[in-house]
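Architecture and fold: a report
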Amino acid sequence: MIDLNEIQTIEHDVLVVGAGGAGLRAAIETSNLGLNTGVITKSLLGKAHTVMAEGGMAAAMGNVDSRDNWKVHFRDTMRGGKFLNVWEMAAVHAQDAPGRVRELEDWGAVFDRTRTGLINQRNFGGHRYPRLAHVGDRTGLELIRTLQDHGIHQGMDVHSECIGVDLLKDGGKISGMLAYWRDTGRFVVFRAPVVIFATGGAGKAWRVTSNSWEYTGDGYGMATRAGAELMDMEFTQFHPTGMVWPPSVRGILVTEGVRGEGGILTNSDGVRFMFDNIPERFAPETADTKEEGQRWLDGDREARRPPELLTRDVVARAIMREVKSGRGSEHGGAYLDISHRDSDFVKRKLPSMYHQFKELAEVDITAQPMEVGPTLHYYMGGIRVNAHSQMTNVPGLFAAGECSAGLHGANRLGGNSLSDLIVFGARAGIGAKEYLDNLSGSPTVQQEQVHQHMRGVTDFLNREDGENPYVVVDDLQKIMELNVGIVREGEELEKGIEELQKLKERVKKVKAHPTSQYNPGWNTCIDLRNMITSAEATALCALQREESRGAHTRLDFEGEREEGLTYNGVVHLTESGELKVRKEMRKDAPEDLQKIAHSTLEELEGNRV
Amino acid sequence: MSERTFRVWRGNQDGGEFVDYTVEVQPGMVVLDCIHEIQKEHASDLSCRWNCKAGKCGSCSMEINGKPALSCMTRMNTFEEGETVTLQPMKTFPVIRDLTCDVSWNYEQNKRIRPFAPRPRDPDGEHRMMQEDVDRVQEFRKCIECFLCQDTCHILRDRETEQNFAGPRFMVRLASLDMHPLDTDDRIQEVKDESGSGLCNITRCCTEACPEHIGITDNAIIPLKERVVDRFYDPLMWLMRKLRPGKKEVAKN
C-alpha cells in the first residue's frame, strides 16, 4: 500500500459532503463564518437531487393568507408527522423558514409574485394555508442555482465528481474523509476536523422511485461505519403521484402542485375516491363534497380543502387500494386530471409537468388525464442528530437535509423538504463553528485507517472474478419492493431481512471492470455497500414498529398504537459488523410546544397560545 | 419490442473508436434507457453522466446522430425503423472517457460573472417585484446548464482564436442579471469586454438546441447586444447619459 504522503491530500476546516440544497447552504454558512470550506459532490455542481423538487418551499410568511404564522406551520408539521417528529426541530424549522426564504431573494432567487409584488405562496397537502414559496413547478432548480451562483463567490472550494468512501477518525473524533475522483479513479484524503453530511436518502434501493442514481444512502453507510446512529428508518415516503407509464419513466415525480392547483384523482369508474378516504383526524378540516372543494379552490376562505390534498401517506394508500380492488387506471395507477382548468393556466403554473408528459408519455395534460401511482420518494428517517447543533453522536460529524432524521417524524409534508435544507443546512454550519471553537487539539489522519478503507473498495477492481454489480442492485430492489414496500407485514419483513443477509455476502464479492477511470460499474460496487446498509436498517426498523403510523403501514398491526408514540427506532452498527435496532424512549415534549401542537386553529390564528 | 443497433464512441483523450451494441427496445424507452441496458448487458464500464432522467438536471448531454441532445429526453420512437443510433460525447469540450467530457470551462466562465447585487429592501423588510417584470428573468432562470447551447455554438466549437466569448449559456445568465428588477450592478461593459457579446453572429443554433426552449438569441443575446451598441456606439445616447445618468449608474456611484 502506498504511503500516506503519496496520496493527494486536501485540508479544510469543514468538509461538506453533498452539494444539494442542504450542503450548499451549510457551506455558505461556514464560509461566511470564516472557515476554510470544501464541498464534494458525486455529480457536477448544480445537478444534485434538489433540482427535482418541484412544488415549493414551505414558510409561514403569510403573504397570501395573513392568518398564517409559525405556530400553525409547526402544528401542521407535527400533525403530518403523526407527532413522532423531534419537537424542537419542528419548531425551529417553522420559525426560521421565512427568514431563510427571504435570504434567497437577496441572493438572486426570483419567486413567483403575488398581485402586490410579494413572494407568492401556494397550497399543498397538509398545510393549512397557502404556504409554499415557488417558481412554477421548478422551485428546486431555482433553489440550487441561487445557492450555487451565490456560493461560488463566498470562498468555498467545490470538488466536483468526488465520491466519499469512508470517514476518518482520531480517538473518536472526526479527522477527515477518504474519497476518490470519478474522472481518474484516484484517491484523495481530506483532512478536516468537521464533516457535514448532506448526502440525501437511499431511494435507489427500490425499483420504482423518483430518486436518481446518486440516492444510494452513502451518508447512512459511512455514518454507521463511523459509529453514528440512524433513526426512524422505517418511515420511507411513497409519493402518491409518480408516473406509471411508459415503463421506462415509471416512478418519475408528478408534483403535488398539480393537486394544489386543482387536480382531481379518479378511478376507472370515474369516482373521486379520495372523498371515501378521509381519516378522522383530518375530517373537520377537509371538504366532504365536490362543491365545497371547488369553492375552496375558488378562494372561499370559509370552505375546507378538497381531500386530494390530504397528507401523502393517506393519498398513496388510497391509490393502492383502488388499484388492488381492480379500479385502477389502464397501466395500474389512478387518473390525475387537471384538464378542467384553463389550458394557459396549466401551462403557466405547471410548465415542466406539461413538458414531461408531452415528451415522455405523449400525453397532453391540458386535455387528458395523467396516470399516476405511488413512488418511493423520500427518507423521513436518517442520521440521528442533536436538535440544536445538527451534530451526531460522533464528535465532528454533522448531518442536514434528507440524510438527517427528526424534523418530519412519521411523514413529511410536501414543501417541508426544501425549507428543511435551508434551515438546517445553515444550522449545521453554525453548529460546526461552535464545535471548532471549543475543539482542543487537532485530530490527525491515521495511515492505517486510510489503507483499510482503500482496500475496502479496491478489492472490487482487483479480484479475478465476481458478480456483475448491476444484477445485485436489481435483486436488492426486488427484495425491497416485495418485502419492504408501501404496505408491510411481519412475515414478509423477516423474509426480506433474511434475503438481505444473503445479498450482503454477494455484495462483498461483486466485481468491476478493472479500469478505475470514470467507471460507473466500480461506482455501483461502492454504492452497493451503502445501499444495503440503508435497506437493512429500513427493514429492521419496520419490523420493530408494530403499528401503522404515517408512512409506515403494517397489515398485521393496523392503526396507531399508544406505545408507538413513546419511542423512535434507532439503529447502530456493532463492533462485529451487525446492524442492531432498539427503541429509544422519547423525551417529554416541551410544554409550550405541546400546547401549540394541540391548540385549535382559532386559538392559533388569534395568537392566543 | 424491437432490436436496435447503437454505435457508441468508446475511448479517452488518447483516442478511441466506435463500438456497436445491440439493445432490445421496449415501448416508451429513451436513449438513456438504452445506455443503461448496454451497461447492464455488455459494458459495465461505459461512462456517461446522468442524474434526474426527467430533463431537469441537464447532466446527460451528448451528441445523438450528430445533434446535441439530452439522452433522457430523446425517445426511441423518434428514429426511423432500422436506423443505427450513433452516440458521441459533446465535441466542444475535451473528452474524459466515452460519453463523458470535461465541462469545467463553463464553471470558470460562470465564476467570472460578478455576483448579484440587490438594492436595499423596502422599509417593511420586503422586496417588491411585479410578476410581469420578472417573467423574462424567470425564462432565463429555467436554464438547466446542460451546456448543449455551448456545445453547438460554432464560436466555442471552433475556438480558433484567443477570443473570450463566454457562450450562449452565460449571455443568458448575464441577461438574467441585467434584467433582474433588484440588481443594481451595471453589467454592460462586462457584457462587451469580458464576455465578448460582439462575437455572436446570431445564427440561432443555440436557441434550436435548448431543451428548455429559452429564447436565447432573441430574448437574451440580441437585447444585450443592443444595450452595448446604445452605450458604446450611439453618440446621441452617450450624450443623453452624460446629461441624465441612469438609475444603475447612480446606484453604482
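Residues numbered from 1 in each chain as written. Chains lettered and ligands numbered in written order. Predicted model: local features only at pLDDT ≥ 70, side-chain atom pairs only at ≥ 80, totals over all residues.

**Here's the deal with the overall build of chain B**
- Within chain B one finds eleven helices and seven strands.
- Reported as C-alpha extents along the three principal axes, the dimensions of chain B are approximately 70 × 45 × 30 Å.
- Per-residue burial over chain B gives 44% buried out of 253 residues.
- The long-range fraction of contacts in chain B, counting pairs at least 24 apart against all pairs at least 6 apart in sequence, stands at 64%. (Helix = DSSP H or I, 4+ residues; strand = E, 2+ residues; numbered from the N terminus. Buried ≥ 20, exposed ≤ 12 C-beta atoms within 10 Å, placed from the backbone. Contact = placed C-beta atoms within 7 Å.)

**Brief notes about the overall build of chain A**
- Helix and strand content of chain A: 17 helices and 20 strands.
- For 609 residues, the compact-globule estimate of 2.2 N^0.38 gives 25 Å, and the C-alpha radius of gyration of chain A, at 23 Å, lies within 12% of that figure.
- Counting only C-alpha atoms, chain A reaches 75 × 50 × 50 Å along its principal axes.
- Within the span of chain A, comprising 609 residues, buried residues form 61% of the whole.
- Partitioning the intrachain contacts of chain A with sequence separation of at least 6 by distance along the chain shows that 74% fall at a separation of at least 24. (Rg over C-alpha atoms; globule rule 2.2 N^0.38 Å.)

**A few points about the sheet that holds strand β2 (residues 14-17) of chain A**
Residues and elements named next belong to chain A.
- Strand order in this open sheet of five strands is β7-β3-β2-β11-β18, and the pairing throughout is parallel. Looking at the sheet topology across the chains shown, the edges are occupied by β7 (157-159) and β18 (397-399). For this sheet, the mean angle separating the axes of adjacent strands, direction not counted, is 20°.
- Summarising the sheet, strand β11 (residues 194-197) and β18 pair through three bridges and their orientation is parallel. (Pairing = 2+ DSSP bridges. Axes fitted to C-alpha atoms, helices over the stretch in contact; angles between N-to-C directions.)

**Here we look at the pairing of strand β9 (residues 173-181) of chain A**
All names here are of chain A.
- For β9, a buried count of seven out of nine residues is recorded, marking the element as mostly surrounded by other parts of the structure.
- Looking at chain direction, strand β8 (residues 162-170) and β9 are connected through eight bridges and run antiparallel. For I163, the partnering residue across the bridge sits in β9 and is Y180.
- The hairpin formed by β8 and β9 contains two residues between the paired strands, and G171 there has a positive phi angle of roughly 55°.
- Summarising the sheet, β9 and strand β10 (residues 187-191) pair through five bridges and their orientation is antiparallel. Its bridge partner being in β10, A179 is matched across the sheet by V188.
- Between β9 and β10, which pair antiparallel one after the other, the connecting turn spans five residues, and G185 there sits at a positive phi close to 80°.

**Observations regarding the domain arrangement of chain B**
Residue and element names in this part refer to chain B.
- According to the domain assignment, chain B consists of domain 1 (2-101) and domain 2 (104-252).
- On a C-alpha basis, the centres of domain 1 and domain 2 stand 32 Å from each other.
- Domain 1 puts 13 residues into the contact, and the matching count from domain 2 is 13 residues.
- The element that contributes the greatest number of residues to the side of domain 1 that touches domain 2 is strand β4 (residues 67-70), accounting for three residues.
- A class-by-class count of the residues in the side of domain 1 that touches domain 2 yields seven nonpolar, four polar and two charged. (Domains from an automatic or database assignment. Nonpolar A, V, L, I, M, F, W, Y, C, P; charged D, E, K, R; others polar.)

**Considerations on the pairing of strand β15 (residues 334-337) of chain A**
Residues and elements named next belong to chain A.
- Summarising the sheet, strand β14 (residues 264-266) and β15 pair through three bridges and their orientation is antiparallel. Each residue of the ladder has a partner; that of I264, found in β15, is D337.
- Of the pairings in the sheet, the one linking β15 to strand β16 (residues 370-379) comprises three bridges and is antiparallel in character. Each residue of the ladder has a partner; that of A334, found in β16, is V372.

**Here's the deal with the interface of chain B and chain A**
- Taken together, the 43 residues of chain B in the interface contact 46 residues of chain A.
- Listing elements by their share of the side of chain B that touches chain A, those giving two or more residues are α1 (31-41), β6 (95-97), α2 (104-112) and α3 (131-140) of chain B.
- Ranked by the residues each element gives to the side of chain B that touches chain A, the list is headed by α3(B), at four residues.

**Quick word on the nonpolar core**
Residues and elements named next belong to chain A.
- With 248 residues, the main nonpolar core has V195, I196, F197, I383 and F398 as its most contacted residues.
- Looking at which element gives the most residues to this core, the answer is helix α15 (residues 520-544), with 13 residues.
- Beyond its immediate chain neighbours, meaning those up to four positions away, I383 contacts F197, G219, Y220, A223, A228, L230, T392, A399, C403, S404 and A405. (Core = buried A, V, L, I, M, F, W, Y, C linked by C-beta atoms within 7 Å.)

**Topic: the environment of A:G221**
Residue and element names in this part refer to chain A.
- Summarising the element assignment, G221 is placed in helix α5 (residues 218-225).
- By the C-beta count within 10 Å, which is 25 here, G221 ends up buried.
- Sequence-distant contacts of G221, defined by excluding residues within four places in its chain, comprise R529, N530, T533 and S534.

**Looking at the sheet that holds strand β12 (residues 230-231) of chain A**
All names here are of chain A.
- Spatially, β17-β12-β19-β20 is the arrangement adopted by the four strands of the open sheet, whose pairing is antiparallel. Each having just a single partner strand, β17 (382-383) and β20 (579-585) make up the two edges of the open sheet.
- Judged from the seven bridges that link them, strand β19 (residues 567-573) and β20 form a sheet pairing that is antiparallel. The residue bridging Y567 from the neighbouring strand is M585, located in β20.
- Of the strands in this sheet, β12, β19 and β20 touch α15, which is tilted by about 45° from β20.

**As for the domain arrangement of chain A**
Residue and element names in this part refer to chain A.
- If you check the domain split of chain A, you get domain 1 (8-196 + 386-438), domain 2 (242-374) and domain 3 (457-563).
- Opposite the five residues of domain 2 that make contact, domain 3 presents five residues.
- Counting residues per element, the side of domain 2 that touches domain 3 draws most heavily on helix α8 (residues 312-324), which supplies four residues.
- Classifying every residue of the side of domain 2 that touches domain 3 by side-chain character gives three nonpolar, no polar and two charged.

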